[in-house]
Amino acid sequence: MRTGRRTHLLWAALFSGLCLITAAAARAQSPPPAASCQPTPTPIAAKPAEPDADAGGIRVFLYDADKKPLARKRFYLLRRSAFSAGIDWASMPRRADFLQGASPQLREWLARHDCDSLYCPEFEAEFPEAVKTVPEFKRAYDDGLRKYRNEKLALKWLAVNFPLRNVRSEYFQRKRAWLERAGQQAGKVVSFMTDEKGRAIFTGFKAGDYYLSNLFPFGEGGPVWDCKVTTLPPNPRQMWAVTYLLSPPAKQTAPSP
Amino acid sequence: MKRRTLTLALLLTAAIAGVVYVSSSVSAGAQRRRATTRRSAPAPRARVDYTNFTHSTPAHRKDSCASCHQSPSDNWAQARERDAAFPDITDYPEHASCLNCHRQQFFRGARPAICTVCHTVVSPRSGARFPFANPAEAFARSEKGRASTSEFAVIFPHDVHQDVMARAPSLDENRVRFVRAAFAQEQPVPSKPNSCSVCHETYVKPGQAAATPAPADANAAAGVPTLPAGLLKTTPTGHASCFNCHWQDGGEKPLSTDCAGCHKLLPQGSPRPELKGKDADTQLAARAGFTDPFIVRKLLRRDSVIFAHEEERHREIDCATCHTRIPALSTLDETTLKVPILSCGAGSSCHIGAKPKRILNEEVDKKLADPNFQCVKCHFNLGREKPPRSHLDATGK
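Cut-offs and rules
Residues numbered from 1 in each chain as written. Chains lettered and ligands numbered in written order. Predicted model: local features only at pLDDT ≥ 70, side-chain atom pairs only at ≥ 80, totals over all residues. Heavy atoms only, no water. Helix = DSSP H or I, 4+ residues; strand = E, 2+ residues; numbered from the N terminus. Buried < 20%, exposed > 50% of the residue type's maximum accessible area, 1.4 Å probe, protein only. Phe/Tyr/Trp six-rings, centres within 6.5 Å; stacked < 30°, edge-to-face > 60°. Lys NZ or Arg CZ within 6 Å of the ring centre and 35° of its normal. Salt bridge = Lys/Arg side-chain N within 4 Å of Asp/Glu carboxyl O.

### Quick word on the environment of Cys65(B)
Residues and elements named next belong to chain B. One can find Cys 65 in the loop between α2 (58-62) and α3 (76-79). Accessibility expressed as a relative area gives 33% for Cys 65, which makes it partly exposed. Between the C-alpha atom of Cys 65 and that of Cys 259, which follows or precedes it by 194 residues, the distance is 6.8 Å.

The following block contains the structure:
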């Protein structure tokens, strides 16, 4: 009787373990959610461009779920769909994985900023305050002061003397390498970054069918756009021949009680 | 008797044959020797001008840059003003880095030519030297700097740096924030999340308080347009905006010791091709008070010399609105820096549009009606020429 119960327990544990592994694997391998792409209702030039001819530009407007423009986000023009190019989504680096050894103060400080590395120039204005509150910054500052004997220089070169390389730029480097690989797999043609109005104009490529994608979600669990676009002939009066509005899936509102 | 005669004849023939053989082999040997002498004669050596140092010399390219250049130089703290100083390569290599190969030239004659590469006066009692090429601003102002052109072009991948520096305000920043108001001084308005301004600032002429936006006076009394203030943006000319991230002692690759990571040696005898714009000329630059050689170079490559970055409406526009192809910008090919005419308002109707008639349409119409009309809203010299196809297309002509 006791042996039978133990066997049942073992089976149950094995089954639960298998379930957990399957769930984890499914979560890790599933691509990020897709987002919507709407072309302007009437493209300015109506007939499709001839192959091998220069294509008219593609204008993109990128909005968040609240319809606010998303500035400084990179988009890629690809030859293949991001979701059918065999990209290894599970190997996408995560910011949290590059915080080993970071003090709670540094984690808190980083959480208030959204840069991929410590080299964001806008951080510099906050360095004088950060060296007082974050142990890693203090160590970097003291190190710089000892080497250069100049307070301003020690502050300006804070990132150079920052003790944790993984926190400083490792995530950015890995992300860049991942994007390089993914871009190659999906046939990257050009890339552009949105301006402060969430606008980007893709120019300088041949006519044909392409896909527009950010490849890497802008936030953890965020969407990846995969928009099929067909180019139009260049419009001599505008830098673009067609406009696409890109927005993530609408936010799900909590049901009212 | 007969037998003796035969023997004698045979001996004589053998002797004659021997003499002929010996003489012929001697003459062949002499010829060979002459030929050998001709071949082994030293080729006239190309005269080497030791007053001119070039990085392109194969022997100079053989070793790493660090084999001659010390990083940082001992004088880095003195090479710039105190607050602007940072560890940098700001001095010539030591004699030792030349002596291994050039000992002979160092001690040739009373005034060795090789000394003039660095020294202003060739004398054992004088150690005075020409300014070193870095810091670039000081060198460019010197007589030697004005006369020299760099052997290197700079590689700067804009797209990589755009990704590193780009930072949009996080969602938190868009929310309403409560701050302690009592005794609070007015805080400066935070700058727009514009990564370009990290390296490119509005150029202010020496002695000018600020780049106050003033319109170009295209119809000045002398008939010569004056250039508005806030015309140009600067481009880093030294290591100041590089080494705070790429310093050898803990920074990011390419490190400051890997000079070739950013400096590309141009083929010998072909200095960096200067992109000559069609609009400005040196006289205009001088008249407008531009003396900084880097700024003059920027002015001279323009096709629309009147355009001012700091103009009231232009400064409100994101850089990427006009510089749309930032990832494709190549510092090795200045033609990629050109901004297309369509970015001047096609779609936004700033300067291009038929109804109401915008300035490009207006000036193109006037030019088509009167070939002597000069377009001066954006141009100086170029305004005298026929409107290009791009302008006609943009205005639908």
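Additional details are given in the paragraphs that follow.
### Details of the packing of aromatic side chains
Under the defined criterion, the tally for this structure stands at 20 aromatic pairs over all chains. Taking the centre distance of 5.7 Å and the plane angle of 45° together, the rings of Phe127(A) and Phe137(A) count as tilted. Note that Phe127(A) is positioned in helix α3 (residues 127-133) and Phe137(A) in helix α4 (residues 135-148), a separation of 10 residues in sequence. Summarising the burial analysis for this pair, Phe127(A) and Phe137(A) share the class buried. An aromatic cluster is built from Tyr148(A), Trp157(A), Phe86(B), Phe243(B) and Trp247(B), whose rings are joined through pairwise contacts. One cation-aromatic arrangement involves Arg384(B) over Phe380(B); the distance from NZ or CZ to the ring centre is 6.0 Å.

### Observations concerning the pattern of salt bridges
Side chains that differ in charge, positive against negative, can pair when their charged atoms come close. Taken as a whole and judged by the stated rule, the model has 29 salt bridges over all chains. The shortest N-O distance in the salt bridge between Asp318(B) and Arg72(A) comes to 2.8 Å. Remark: Arg72(A) occurs in the loop between β2 (57-62) and β3 (74-78) and Asp318(B) occurs in the loop between α11 (293-300) and α12 (319-322); the pair is interchain, linking two chains. Residue Asp318(B) shares its accessibility class with Arg72(A), and that shared class is buried. The partner of Arg94(A) in a salt bridge is Asp97(A), and the shortest N-O contact between them spans 3.3 Å. By relative accessible area, which is 36% here, Arg94(A) ends up partly exposed. Judged by its relative accessible area of 37%, Asp97(A) is partly exposed.

Function cannot be inferred from these measures alone, as they are strictly geometric.
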